[in-house]
Amino acid sequence: MNSTFRKARVLLTSYYAHMLEYRAELFLWALSGSLPLILMGVWTQAAQSGQFGLAPVDFARYFLAVFLIRQFTVVWVIWEFEKEVVEGRLSPKLLQPLDPVWHHVASHLSERLARLPFALFLIALFFILYPQAFWIPRLGNFFLFVVALNLAFVLRFIIQYTFALFAFWTERANAIENFWFLFFLFFSGMIAPLEMFPPTLQKILLWTPFPYLIHFPASLLIGLPVNLVQGFLVTLGWSVLFFILNRWLWRQGLKQYSGMGA
C-alpha cells in the first residue's frame, strides 16, 4: 500500500510540475472551452422572446455549469496514446512495473489542479459581468454534483482511452473520437439542455452515456429535476461496460503490438 502511494505521489508531483511549466498555455486551454458561455448568450436572448420552460437566468446558470464541467472533464488521452503506439514510445513504459494508463491518469489529474485557478478566475469574472446569475448551490446538490462530476470524468476518460486502443490496429484512432464527438456535442447537453429536446428523444438519450457527461452534473448543480438513481446507475453501467471492453482491447492490442516487432 505504501509503495502504491509513493508511486502515485511521484507521478502526480512530476506531472504537476510539468503542467506548471505551461501556465500560459493552460490559460488558453481554459479559454478554448468557452463555447458554453457563447451559447449561453444565444439561449438567454432566445428565452427572453420565447417559451422554453427555463428562464434566462436558468440558461445562464446552466451554461456556466457546463463551462465548469468542461474544464474538469476534458480528455486528450487518445492523441497521446496514439503517438506512443505509432512512434514506438509505448515500449519503454511496458517495461515499467506500472500500467501505462496511470501516466495518462496522473497527467490529466495534474492538469486539473494546474487549471483550477484559471477556471475560478473566469467564473468570478462571469459573475462580475452578469451578477443576476449569481447563486449559491445547496450543500446537498453541490455534494452530488462533485460525485457526478468525478464519475463523468471517469466515464469520459474510459471511453476515449478505449477508442485510443484502436491505435494498435490503425494509425488514425482519433478519427473514431472525432466521429463520437459529434454525438457528444449534440446529445450531452453542451449545445442545449435536454429539456429542449422532444420528450421521446429525451427518454432514449437518458439510457445513453451522453447526458451523464454534462447535462446530469450540470442539472444537479443548478437544481434542475433529475432522476438520481437512474443517473448514477447508468453512468456506472456504461463505465463498467467500457472498462471491460477496454481491458479486452488492451490484451489483444499488446499481441498486435508485439507482432509488429515493438
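Refer to the preceding data block for the structure.
Being a predicted model, the structure only gives us computed values, none of them experimental. (Residues numbered from 1 in each chain as written. Predicted model: local features only at pLDDT ≥ 70, side-chain atom pairs only at ≥ 80, totals over all residues. Heavy atoms only, no water.)

Visitor: Looking at this structure, I do not really get helix H4 (residues 56-73). What am I missing?
Guide: Given 3.6 residues to a turn, an α-helix orients residues that are three or four positions apart in the same direction. Between the first and last C-alpha of H4 there are 26 Å, a value that for 18 residues agrees with the 26 Å anticipated at 1.5 Å per step. In terms of burial, H4 is largely enclosed, as 14 of its 18 residues are buried. (Helix = DSSP H or I, 4+ residues; strand = E, 2+ residues; numbered from the N terminus. Expected span 1.5 Å × (residues − 1). Buried < 20%, exposed > 50% of the residue type's maximum accessible area, 1.4 Å probe, protein only.)

Visitor: Sorry, what's going on with the packing of helix H8 (residues 139-164) against helix H11 (residues 215-222) here?
Guide: How two helices pack is summed up by the angle between their axes together with the distance between the axes. Remark: H8 packs on H11, axes separated minimally by 8 Å, with the N-to-C direction vectors making an angle of 165 degrees. Comparing their axes, H11 and H8 come out roughly antiparallel. As H8 packs across H11, the resulting crossing turns out to be left-handed. Facing Asn 141, Phe 142, Leu 144, Phe 145, Ala 148 and Leu 149 of H8, the residues of H11 in contact are Phe 216, Pro 217, Leu 220 and Leu 221. When its residues are assigned to classes, the contact of H8 with H11 shows 9 nonpolar, 1 polar and no charged. (Axes fitted to C-alpha atoms, helices over the stretch in contact; angles between N-to-C directions. Parallel < 35°, antiparallel > 145°, perpendicular 65-115°, else oblique. Left-handed = near helix turned anticlockwise from the far one by under 90°. Contact = heavy atoms within 4.5 Å. Nonpolar A, V, L, I, M, F, W, Y, C, P; charged D, E, K, R; others polar.)

Visitor: Looking at this model, I keep getting lost on helix H7 (residues 101-129). Mind explaining?
Guide: Over its 29 residues, H7 runs 41 Å from end to end, which matches the ideal 42 Å to within 8%, given 1.5 Å per residue. In the structure, H7 departs most strongly from a straight axis at Arg 115, where the bend amounts to approximately 40 degrees and where the proline Pro 117 lies between one and four residues downstream. (Bend = angle between axes of the 7 residues up to and from the residue.)

Visitor: What should I look at first to understand the nonpolar core in this one?
Guide: For soluble globular proteins, the rule of thumb is that nonpolar side chains tend to be buried together. Within the largest apolar cluster, 66 residues are counted, with the highest numbers of intra-cluster contacts made by Tyr 62, Phe 81, Phe 157, Tyr 161 and Phe 168. Residue assignment for this core shows that the elements contributing at least two residues are helix H3 (35-49), H4, helix H5 (77-87), H7, H8, helix H9 (174-187), H11 and helix H12 (228-259). Dropping the residues within four chain positions of it, Tyr 161 is found in contact with Val 77, Phe 81, Asp 99, Val 101, Asn 246, Arg 247 and Trp 250. (Core = buried A, V, L, I, M, F, W, Y, C linked by side-chain atoms within 4.5 Å.)

Visitor: What am I meant to see in the side chain of Lys 93 here?
Guide: By secondary structure assignment, the location of Lys 93 is in helix H6 (residues 90-94). Given a relative accessible area of 16%, Lys 93 falls into the buried group. Of note is the side chain of Lys 93, whose polar atom sits 2.5 Å from the side chain of Glu 84. Lys 93 has contacts with Glu 84, Leu 98, Pro 100 and His 103, leaving out every residue within four places of it along the chain. (Polar contact = N/O pair within 3.5 Å; in protein donor to acceptor, adjacent residues only side chain to side chain.)

Visitor: Looking at this structure, how should I read the pattern of salt bridges?
Guide: A side chain with one charge may pair with a side chain of the opposite charge, provided their charged atoms come close. Per the stated rule, a full pass over the model turns up 6 salt bridges. A salt bridge links Lys 93 to Glu 84, with the nearest nitrogen and oxygen atoms 2.5 Å apart. In this structure, the salt-bridge partner of Glu 111 is Arg 115, at a minimum N-O distance of 2.7 Å. Placement of both Glu 111 and Arg 115 in helix H7 is noted, with a separation of 4 residues, approximately one turn of the helix. In terms of burial, Glu 111 and Arg 115 fall into one category: buried. Here the salt bridges share partners, and the residues they tie into one network are Glu 111, Arg 112 and Arg 115. (Salt bridge = Lys/Arg side-chain N within 4 Å of Asp/Glu carboxyl O.)

Honestly, that's just the spatial picture; any functional story needs more than this.
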